[in-house]
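Residue-level structure breakdown
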Protein chains: 2
Amino acid sequence: MKTITQLKTLRNILCPLKRTGKIIGLVPTMGALHEGHCSLMRKARRECDIVIISIFVNPKQFGPQEDFDRYPRQKKKDELLAQKENVDIIWHPSVDQIYKKDFLTYVEVERLSGLLCGKSRPGHFKGVTTIVTKLLNETTPDILYLGQKDGQQALILKKMITDLDFNVKVKICPTIREKDGLALSSRNAFLTEQQRRESPILYQALQHAKKDILSGERNAQRIIKKIRAMITKTTSCTIDYVVCVDKETLSPLKNIVGSVMIALAVKFGNVRLIDNILLKV
Amino acid sequence: MKTITQLKTLRNILCPLKRTGKIIGLVPTMGALHEGHCSLMRKARRECDIVIISIFVNPKQFGPQEDFDRYPRQKKKDELLAQKENVDIIWHPSVDQIYKKDFLTYVEVERLSGLLCGKSRPGHFKGVTTIVTKLLNETTPDILYLGQKDGQQALILKKMITDLDFNVKVKICPTIREKDGLALSSRNAFLTEQQRRESPILYQALQHAKKDILSGERNAQRIIKKIRAMITKTTSCTIDYVVCVDKETLSPLKNIVGSVMIALAVKFGNVRLIDNILLKV
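Residues numbered from 1 in each chain as written. Chains lettered and ligands numbered in written order. Predicted model: local features only at pLDDT ≥ 70, side-chain atom pairs only at ≥ 80, totals over all residues.

**Comments concerning the overall build of chain A**
Helices and strands together make up the secondary structure of chain A, namely 10 helices and 10 strands. Computed over the C-alpha atoms, the radius of gyration of chain A is 19 Å, within 12% of the 19 Å expected from 2.2 N^0.38 for a compact globule of 281 residues. Overall, the C-alpha framework of chain A stretches about 55 × 40 × 40 Å when taken along its three principal axes. Buried positions account for 42% of the 281 residues belonging to chain A. Taking contacts inside chain A between residues at least 6 apart in sequence as the whole, the part at least 24 apart equals 69%. (Helix = DSSP H or I, 4+ residues; strand = E, 2+ residues; numbered from the N terminus. Rg over C-alpha atoms; globule rule 2.2 N^0.38 Å. Buried ≥ 20, exposed ≤ 12 C-beta atoms within 10 Å, placed from the backbone. Contact = placed C-beta atoms within 7 Å.)

**A word on the relation of the copies chain A and chain B**
Between chain A and chain B, the superposition needs a rotation of 180° and an axial shift of 0.0 Å, giving an RMSD of 0.0 Å. Both copies are brought into coincidence by an operation consistent with a two-fold rotation axis. When you check the interface residues of chain A against chain B, 100% turn up at the interface there too, and the contact is symmetric in its surfaces. (Least-squares fit on C-alpha atoms with pLDDT ≥ 70 in both.)

**Some details on the sheet that holds strand E9 (residues 259-268) of chain B**
All names here are of chain B. Strands sit in the order E8-E9-E10 across an open sheet of three strands; the sheet is antiparallel. Lying at the two open borders of the sheet, with one neighbouring strand each, are strand E8 (238-246) and strand E10 (271-280). Each strand axis lies, on average, 10° off the axis of its neighbour in the sheet, ignoring direction. Bridge count between E9 and E10: 10 bridges; the pairing is antiparallel. (Pairing = 2+ DSSP bridges. Axes fitted to C-alpha atoms, helices over the stretch in contact; angles between N-to-C directions.)

**Topic: the domain arrangement of chain A**
Residue and element names in this part refer to chain A. Segmentation of chain A into domains returns domain 1 (2-173) and domain 2 (186-280). Of all the secondary structure elements, the ones that give two or more residues to the side of domain 1 that touches domain 2 are helix H5 (117-120) and helix H7 (151-163). Top element by residues in the side of domain 1 that touches domain 2 is H7. It accounts for three residues. Here the side of domain 1 that touches domain 2 is composed, by residue class, of eight nonpolar, four polar and no charged. (Domains from an automatic or database assignment. Nonpolar A, V, L, I, M, F, W, Y, C, P; charged D, E, K, R; others polar.)

**Let's talk about the interface of chain A and chain B**
Facing 25 residues of chain A, the contacting portion of chain B comprises 25 residues. At the level of elements, helix H1 (7-19), strand E5 (105-109), helix H6 (124-139) and H7 of chain A are the ones that each hand at least two residues to the side of chain A that touches chain B. Among the elements that make up the side of chain A that touches chain B, the one with the highest residue count is E5(A) (five residues). Grouping the constituent residues of the side of chain A that touches chain B by class yields 10 nonpolar, five polar and 10 charged. Across five bridges, E5(A) lies against strand E5 (residues 105-109) of chain B in antiparallel orientation. If you follow A:Val107 over to E5(B), its bridge partner there is B:Val107.

**Here's the deal with the sheet that holds strand E7 (residues 169-173) of chain B**
All names here are of chain B. On the basis of which strands lie adjacent, the open sheet formed by six strands has the order E1-E4-E3-E2-E6-E7 and parallel pairing. Each edge of the open sheet is held by one strand with a lone partner, namely strand E1 (2-4) and E7. Neighbour-to-neighbour, the strand axes of the sheet open up by a mean angle of 25°, direction not taken into account. Bridge count for strand E2 (residues 24-29) against strand E3 (residues 50-55) is six bridges, and the pairing is parallel. Bridge assignment links Val27 to a residue of E3, and that residue is Ile53. Strand contacts of helix H7 (residues 151-163): strand E6 (143-147) and E7, with the helix running at about 170° to E7, the strand carrying the most contacts.

**A few points about the pairing of E2(B)**
Residues and elements named next belong to chain B. Counting buried positions along E2 gives six out of six residues, so the element sits mostly inside the fold. Side chains Ile24, Leu26 and Pro28 project from E2 onto one buried face, and the interleaved Gly25, Val27 and Thr29 project onto a second face that is buried too. The parallel pair E2 and E3, bridged by helix H2 (residues 35-47), forms a crossover whose chirality is right-handed. Of the strand pairs in this sheet, E2 and E6 are connected by two bridges, and their pairing is parallel. (Right-handed = clockwise from strand over helix to strand, strands pointing away.)

**Points about the packing of helix H9 (residues 201-214) of chain B against helix H10 (residues 220-234) of chain B**
Residues and elements named next belong to chain B. The geometry of H9 relative to H10 is characterised by a closest axis approach of 9 Å and an angle of 150° between their N-to-C directions. As judged from the angle between their axes, H9 and H10 are roughly antiparallel. The two elements H9 and H10 cross, and the hand of that crossing is right-handed. Judged by residue contacts, Ile201, Leu202, Ala205, Leu206, His208, Ala209, Asp212 and Ile213 of H9 engage Ile223, Lys226, Ile227, Met230, Ile231 and Thr234 from H10. Among the residues making up the contact of H9 with H10, the classes are represented as 10 nonpolar, two polar and two charged. (Parallel < 35°, antiparallel > 145°, perpendicular 65-115°, else oblique. Left-handed = near helix turned anticlockwise from the far one by under 90°.)

**Observations concerning the packing of helix H6 (residues 124-139) of chain B against H7(B)**
Residues and elements named next belong to chain B. Relative to each other, H6 and H7 sit at 50°, their axes nearing to 10 Å. Here H6 lies oblique to H7, going by the angle between them. Regarding H6 and H7, the two cross each other, and that crossing is right-handed. Side by side, H6 and H7 meet where Phe125, Val128, Thr129 and Val132 of the first sit next to Gln153, Ile156, Leu157 and Met160 of the second.

**Concerning H7(A)**
All names here are of chain A. In a regular helix each residue adds 1.5 Å, so 13 residues correspond to 18 Å; H7 covers 18 Å between its end C-alpha atoms and thus fits that length. Taken together, the buried positions of H7 are occupied by Gly151, Gln152, Gln153, Leu155, Ile156, Leu157, Lys159, Met160, Ile161 and Asp163. Once H7 ends, the next one or two residues include Asp165, with phi positive near 60°. (Expected span 1.5 Å × (residues − 1).)

Here is the structure:
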């Protein structure tokens, strides 16, 4: 396994590999790797000749009041984990290399980027689509592996890749959870013991909603109300949103029908957590 | 020479060529080919194994009041010209293929896209950078050939390619002119005889400015005033802008020094013409 920090070096390695027809898989990450990332690396390892993970805490996807500075960074630990998963290349560029001081170019998926998390985090998805465009051009993958945990992000990136004709297949992989249901996230480490104890209710509420829908409930407002009630009754967190939306367009549903995503975002103190489930109704 | 209209077909041809290490050159055009385009094709032919020209009148770079509908289209004539220049592939997709009805993704070079032509044509360069991103992903060129006639466009695309880490070299080639100095443009065909007779003053005024600067003039305002006076005195056109700017940042210069672009845009009736010269002072 090689950790590469210079674009020139990366290209010198990848260009000849591309020419011999090797299939490249990319797992983009911000580091602080956990079992969620590992599941993506393992899938990439099974399906590709060359597995690249990128580690880059992207300042452009954090708002000025957000947690860019305190986002966990653990280079050594990440390298050990990636090695264990037989990753070939860690692409680990510096912020200065990625964003030169006269950087001016942005990629944006309109409409979708302004909904759900995009409402509370203006500019967030513009930062995500811009960095992922750069990562695609740098690492030239055949397959991009994303996690369903960041459901809106995965949808937006898939749309970007289709719209801009990137020759990349997107594979969206299931959310990995703690035993008690909490979706894995690098930010879970910031929860207090009390918040951590309360946090499984998020997934439990989503599972309850699923059960209600499978039992015939079709009224989105009632579903949302019940999820909100379950969360507020048992935790100290504040709810950013709970929505039932069409899985592709993110348009809110009145009646639960079709390919549905039920998604939520909450804040435990200043720790923002998200989760979602997909349903075919 | 092949004219290709389907992305799948294009990829099936290009992927194996890329693998054998062939150098691909792309000349992006909106068709209505003239000697300016031909000079780019010839340069690409000298330098590349595979020469692709794209022909696509891009609706996203025309404003609602602009000339998208009457922009000249002459497929047969263009094919003959491209064949004469030994082009390998004409990439000629339909508007419906390029912009599916739920298209949402845009690429934008901020700041630079709002200046000069961007001021009078809001959204124009956003349309240009978006389509060229798509063309790059579709045709995977090693070298992109652009004309200096569209100086701001060339600068913006170069910036986009650098910022987004596209692995593409940009070559900007000199403006080709009629014998009397008028810069070649597909829109020249729309000039009346009278306007055509008046139009060489644009380049003459730029050449005068150059002579003045070489003789020691450094005051940008005086240079601009003189150019405007020459144009208004002898033509019926209305001036959109005349500027002396830094060639890289497009910032207006007070004193003419460094790498300078003197650029102008005018309208003869509803025919918009642009021209520019570069100087090192």
